[in-house]
Amino acid sequence: MGFLSGFEKIVRQGEPLAMHTWFQLGGPAEYFAEPRHAEELVLLVKRCRDEQVPIRMLGRGSNVLVCDEGVPGMVIRLSAPAFCEIAVDGRTVSAGAGASLGHVVTTAVHEGLAGLEVLVAIPGTVGGALRGNAGTHGGDVGRWTAEAAAITHTGDVVQRSRDDLVFTYRQSSLDDLVILGAKFELEEDDPKELAKRLQKQWIVRKASQPMGHQCAGCIFKNPRGTSAGELIEAAGLKGTRIGGAVVSDRHANFILAEPECTSNDVLRLIDVVRNQVEDRLGVALELELEIWSPSREIPAKGP
Ligand code: EPU
């Protein structure tokens, strides 16, 4: 670890990533770091850049499948308290990228600030939510994002204002290497009413999605004007199994990992689902789940 001298306290080698992801599958990271504050993070980013070590940012791992072989390079998690702060000032909620999105949502509701409550039950961190513009049918996180702080690939800290940011369905223009945090500009509302709405949406979500199981979020993006879950069900694929990976009976856009499941089982099941939906319904599904693999690209059309 010579090239990482000075970072011994925050970098581990061969860290198993399974325990850091919702799927609880996959191999180790070559290097895994949990920096204590932004200055240390910037130094680490610069060192990795100088040494040409690739960096991947990991939030709570709710939208990531790590392949069984693990990943090369540095995986960074913003778990330290300095990255997880949430503060409220008037109608503005500021949150570090490592903060849990759910915690930000409940804080806003508690303060009588409306907008983010539609995101209830979305797992993961603020950073992950911003990167993929997490959302529901009620709206997405980008709609309320007033500004964001980030670290560029060259290690510079930058502020991205609303005018610089473009959010579309499950996509954001925030493609800097690291997202540090964001400010959300919300609307005043009655906290009791908001709490009621939150509860109602929580119940709906719980009834329609396999929460509490070993799985990630939705596997595929919704094609324009339709739902991937509905298509997968229409293709007759609910309950389809490969090894320990099963298409959820509750919501077909979720894959459950049963005991003994491997990442490879999930990858093979993803290929089967994608191929069958394309063959039977003529729709090419696009992945929402991030696959972390050193070499394997999921083919657009499998064997
Ligand atoms: N449906 C089926 N079969 C299924 C699943 C859904 O017929 O197995 C039907 C439902 O009956 C409904 C329609 O499809 O008529 C839409 O279903 P749902 O309300 O569950 O929403 P979704 O479009 O499948 C999206 C997001 C979810 C988000 C929900 C709730 C995507 C890919 N998914 O799902 O987000 O929680 O809306 O608003 O955009 C995620 O992105 O990871 C995710 C879980």
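Given the structure is predicted, the values throughout are model-derived calculations rather than measurements.

What should I look at first to understand the overall build of the protein in this one?
Counting secondary structure elements, the protein contains six helices and 20 strands. Seen along its three principal axes, the alpha-carbon backbone of the protein occupies a region of about 55 × 50 × 35 Å. Pairs at least 24 residues apart make up 65% of the contacts formed inside the protein by residues separated by at least 6 positions. As presented, the protein carries roughly 14200 Å² of accessible surface, and 49% of it is formed by carbon and sulfur atoms.

Looking at this model, I keep getting lost on the pattern of salt bridges. Mind explaining?
Once the charged atoms of two side chains with opposite charge are near each other, the side chains can pair. Going through the model one piece at a time under the given rule, you end up with 14 salt bridges. The salt bridge involving Arg197 is made with Glu117; its shortest N-O contact spans 2.8 Å. Of this pair, Arg197 sits in helix α4 (residues 191–208) while Glu117 sits in the loop between β8 (113–114) and α3 (126–131); the two residues are 80 residues apart in sequence, bridging distant segments of the chain. By sharing partners, the salt bridges in this structure join Arg12, Glu15, Glu34 and Arg77 into a single network.

So what exactly am I meant to see when it comes to the sheet that holds strand β19 (residues 255–257) here?
With respect to topology, three strands assemble into an open sheet ordered β17-β18-β19, the strand pairing being antiparallel. Both edges of this open sheet fall to β17 (241–242) and β19, since each of them pairs with a single strand only. Here β17 runs beside strand β18 (residues 245–247); their pairing, made up of two bridges, is antiparallel. Of the residues in β18, the one forming a bridge with Arg241 is Val246. Helix α6 (residues 263–281) contacts β17, β18 and β19 of the sheet and is inclined by roughly 30° relative to β18.

I tried to follow the site of the ligand on my own but got confused; where do I start?
Lining the immediate environment of the ligand, one finds 21 residues, of which Tyr169, Cys218, Asn222, Glu233 and Glu288 sit closest. At a separation of 2.9 Å, an oxygen atom of the ligand approaches a polar side-chain atom of Arg170. Within the contact set of the ligand, an oxygen atom lies 3.4 Å away from a side-chain nitrogen or oxygen of Glu230. With the chains in place, 75% of the 810 Å² that the ligand exposes on its own is no longer accessible. Of all elements in the fold, only β9 (135–136) and α5 (228–234) reach the threshold of two or more residues within the shell around the ligand. The dominant element in the shell around the ligand, judged by the number of residues it contributes, is α5, at three residues. In terms of residue class, the shell around the ligand is made up of five nonpolar, 10 polar and six charged.

Can you walk me through the sheet that holds strand β11 (residues 145–151) in this structure?
Across a sheet, paired strands are connected by hydrogen bonds in the backbone, their directions being either parallel or antiparallel. Taken in spatial order, the five strands of this open sheet run β6-β7-β15-β11-β12, and their pairing is antiparallel. Two strands in the sheet have a free side with no partner beyond their single neighbour: β6 (86–89) and β12 (157–161). Direction aside, neighbouring strands of the sheet carry axes that sit 15° apart on average. Relative to strand β15 (residues 178–185), β11 is paired through six bridges, and the arrangement is antiparallel. Residue pairing for β15: Ala148 is matched across the bridge by Ala182. The sheet strands contacting helix α2 (residues 101–110) are β6, β7 (92–96) and β15, and the helix crosses β6 at an angle near 25°.

Would you mind showing me how to read the nonpolar core here?
Note that soluble globular proteins tend to have their nonpolar side chains buried in a common cluster. Core analysis: the largest hydrophobic core is formed by 55 residues, its most contacted members being Val11, Leu41, Leu44, Met74, Leu130 and Phe184. Among all residues touching Leu44, those that are not within four sequence positions of it are Leu4, Phe7, Ile10, Val11, Ala33, Met74 and Ile76. Core analysis: the next-biggest nonpolar cluster, separate from the first, contains 30 residues, Ala216, Ala228, Phe254 and Cys261 among them.

Is there a simple way to think about the pairing of β15 in this case?
The side chains of a regular strand alternate between the sheet's two faces. Counted residue by residue, β15 has six buried out of eight residues, so it is predominantly covered. Sheet topology places β7 next to β15; five bridges connect them, and they run antiparallel. Residue Ser94 lies in a different strand from β15, and its bridge partner there is Lys183.

I would appreciate a short explanation of the environment of Leu267 in the present structure.
Secondary-structure assignment places Leu267 in helix α6. For the pair Leu267 and Ala114, spaced 153 residues apart in sequence, the C-alpha to C-alpha distance is 38 Å.

Here is what the cut-offs are and how they apply
- Residues numbered from 1 in each chain as written.
- Predicted model: local features only at pLDDT ≥ 70, side-chain atom pairs only at ≥ 80, totals over all residues.
- Heavy atoms only, no water.
- Helix = DSSP H or I, 4+ residues; strand = E, 2+ residues; numbered from the N terminus.
- Contact = heavy atoms within 4.5 Å.
- Areas by Shrake-Rupley, 256 points an atom, 1.4 Å probe, with all protein chains shown as cover.
- Salt bridge = Lys/Arg side-chain N within 4 Å of Asp/Glu carboxyl O.
- Pairing = 2+ DSSP bridges.
- Axes fitted to C-alpha atoms, helices over the stretch in contact; angles between N-to-C directions.
- Near = heavy atom within 4 Å.
- Polar contact = N/O pair within 3.5 Å; in protein donor to acceptor, adjacent residues only side chain to side chain.
- Nonpolar A, V, L, I, M, F, W, Y, C, P; charged D, E, K, R; others polar.
- Core = buried A, V, L, I, M, F, W, Y, C linked by side-chain atoms within 4.5 Å.
- Buried < 20%, exposed > 50% of the residue type's maximum accessible area, 1.4 Å probe, protein only.

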